[in-house]
Amino acid sequence: MVYCVLVAAGSGERAGLGYNKVFYPLGGRSVLSRTLDALGSSGKIDGAVLVINPSDEDRYKRLVEHEGASPLVRSVVYGGATRFHSVLNGLKALPEAAELVLVHDAARPFVTREIIENVISDAEKYGSGVISCPVTDTIKLVVGENVTTPERSRLFAVQTPQAFLTKKLIEAYDSAGASGGFTDDAAVYEARYGSVHLSDAQSARVNFKLTTLEDLEMAEMRFSGTPRVGTGYDAHRLTEGRKLILGGVEIPFEKGLQGHSDADAALHALIDALLGAAALGDIGKHFPDSDECYRGISSLELLKKVSKLLADEVFSVENADVTIVCQRPKLAPYIMAMRQNIASALGLDVARVSVKATTTEGMGFEGAGEGISAQAVALVRGYK
């Protein structure tokens, strides 16, 4: 099992808020909740021990009441006088089955799946995996009046999460005694074993720690999300012996749409619009017609899978607009049911979903009754 000790026991003095910065709201959700969301969405962590300041117990209870409890948190313990003691308290609360542990600062809400996967993989191979990135600024070492310049190519900035084989990290902490002078877990590990393995990830550059008020304000801007628009188009031939499914609604008609799945052109166009907005490919990439597991599948189920995919990639859907081009049958009686189906699959209010139907006045393959096409536009927000 892989567990995380999430350290949230600071006071936030440098942020000047008058309260612990992990409770600061970012886009309507606290830093702590954002960090737990990011850890949970990786799918690589089985549970977490949350370490909080004893004075924050009531504030944490209110957070759970208003923002919901993270399924990742299996236990909550109090922190100590220093970060060293807080982590130690978290390690003591780990279940015996936790073979690997990540230690992460709750004030780093931008941790990515790539980072989590890389440190876990390295810890499994080398016993430790500490996320880091090369220093890009020139560093000066000041000792009294003496100023020197260390070689920049040999300098790395270390972050969290830091992953270790649980037994080895606990042994390192136990051997450190009552020391509180360590600034991170890698230093504790080094004191016992001599070295750690540094992990890298392209996304490490954005995994910064929120320390000052300016950091929090910058993070709040990021969590307002970047709007991204995608478009989608799909068309299927009308044929006898098939049910006509559009927008997840079965519509009485003498013909249905031909395809590998239920051939719901409206939802296929919408799926492509969503995937396109997030730059995640197209419907054929994720649900190829060469895969028998998708034969006859409801496209509503595919839309739900895409909704989860977007959430895992830290996108939220803002609204969707679908236009169905069809000469016959008349679709007006079924529009509201289509909107409700789409809204339910995407977790949206129905007011954010539009479905329209139009004819071509007899022109083209739609006008000739040979097939039905659909176009879609979707707006999503990206939070990476």
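None of these values were measured; they are calculated from a predicted model. (Residues numbered from 1 in each chain as written. Predicted model: local features only at pLDDT ≥ 70, side-chain atom pairs only at ≥ 80, totals over all residues. Heavy atoms only, no water.)

A few words on the packing of helix α3 (residues 83-92) against helix α5 (residues 166-175). Packing of α3 against α5 brings their axes to within 11 Å, and their N-to-C directions diverge by 135 degrees. Of the possible angle classes, the one that applies to α3 and α5 is oblique. Considering how the two elements wind past one another, α3 and α5 form a crossing that is left-handed. In contact with Phe-84, Val-87, Leu-88 and Leu-91 of α3, α5 contributes Leu-169, Ile-170, Tyr-173 and Asp-174. Of the residues in the contact of α3 with α5, the class split is seven nonpolar, no polar and one charged. (Axes fitted to C-alpha atoms, helices over the stretch in contact; angles between N-to-C directions. Helix = DSSP H or I, 4+ residues; strand = E, 2+ residues; numbered from the N terminus. Parallel < 35°, antiparallel > 145°, perpendicular 65-115°, else oblique. Left-handed = near helix turned anticlockwise from the far one by under 90°. Contact = heavy atoms within 4.5 Å. Nonpolar A, V, L, I, M, F, W, Y, C, P; charged D, E, K, R; others polar.)

This part is about the environment of Phe-164. You can see Phe-164 is positioned in strand β10 (residues 156-165). In this structure Phe-164 comes out as buried when scored by relative accessible area, which is 0%. Counting along the chain gives 24 residues from Phe-164 to Val-188, while the straight-line C-alpha distance between them is 11 Å. (Buried < 20%, exposed > 50% of the residue type's maximum accessible area, 1.4 Å probe, protein only.)

Below, the discussion takes up the pairing of strand β6 (residues 100-105). By the criterion of burial, β6 is predominantly enclosed, with six of the six residues buried. Where strand β1 (residues 2-8) lies against β6, six bridges are found, and the strand directions are parallel. Looking at the pairing, Cys-4 lines up with Leu-102 of β6. (Pairing = 2+ DSSP bridges.)

Our next topic: the sheet that holds strand β17 (residues 353-358). As a general point, the strands of a sheet are linked pairwise by backbone hydrogen bonds and lie either parallel or antiparallel. Strand order in the open sheet formed by five strands is β15-β12-β18-β16-β17, with mixed pairing between adjacent strands. Lying at the two open borders of the sheet, with one neighbouring strand each, are β15 (256-257) and β17. When strand β16 (residues 315-325) meets strand β18 (residues 371-382), the two strands line up antiparallel, connected through 10 bridges. In the strand pairing of β18, Val-322 is matched with Ala-376. In this fold helix α11 (residues 335-346) packs onto β16 and β17, with an angle of close to 145 degrees to the strand it touches most, β17.

Below, the discussion takes up a nonpolar patch on the surface. Together, Phe-156, Val-158 and Leu-198 line one region of the surface with nonpolar side chains, adding up to about 230 Å² of accessible area. Structurally, Val-158 is set in strand β10. (Patch = residues over 30% accessible without salt bridge, like charges linked within 9 Å, V, L, I, M, F, W, Y side chains within 5 Å. Areas by Shrake-Rupley, 256 points an atom, 1.4 Å probe, with all protein chains shown as cover. Salt bridge = Lys/Arg side-chain N within 4 Å of Asp/Glu carboxyl O.)

To continue, consider the pattern of salt bridges. Here the idea is simple: oppositely charged side chains can pair when their charged atoms come close. Under the counting rule described, the total for this entry stands at 14 salt bridges. Here Lys-304 makes a salt bridge to Glu-301, at a shortest N to O gap of 3.4 Å. In this pair, Lys-304 and Glu-301 are both assigned in helix α10 (residues 299-312), three residues apart and thus about one turn of the helix distant. A relative accessible area of 41% places Lys-304 in the partly exposed class. A residue is classified by how much of its surface remains accessible, and Glu-301, at 37% relative accessible area, is partly exposed. Between Lys-308 and Asp-312 there is a salt bridge; the shortest N-O distance is 2.9 Å. Placement of the pair is Lys-308 and Asp-312 together in helix α10, with a separation of four residues, close to one helical turn.

This brings us to the nonpolar core. Grouped together as the largest cluster of nonpolar side chains are 49 residues, with contacts concentrated most on Leu-246, Leu-270, Leu-274, Leu-303, Leu-310, Ile-324 and Ile-342. Elements supplying a minimum of two residues to this core: β13 (244-246), β14 (249-251), α8 (265-277), α10, β16, α11, β17 and β18. Ranked by residues supplied to this core, first place goes to α8 with 10 residues. Leaving out residues up to four positions away in the same chain, Leu-246 has contacts with Ile-251, Leu-257, Asp-264, Ala-265, Ala-266, Ile-324, Leu-331, Met-338 and Ile-372. Counting residues in each nonpolar core, the second largest holds 32 residues, with Val-2, Leu-100, Val-119 and Cys-133 among its members. (Core = buried A, V, L, I, M, F, W, Y, C linked by side-chain atoms within 4.5 Å.)

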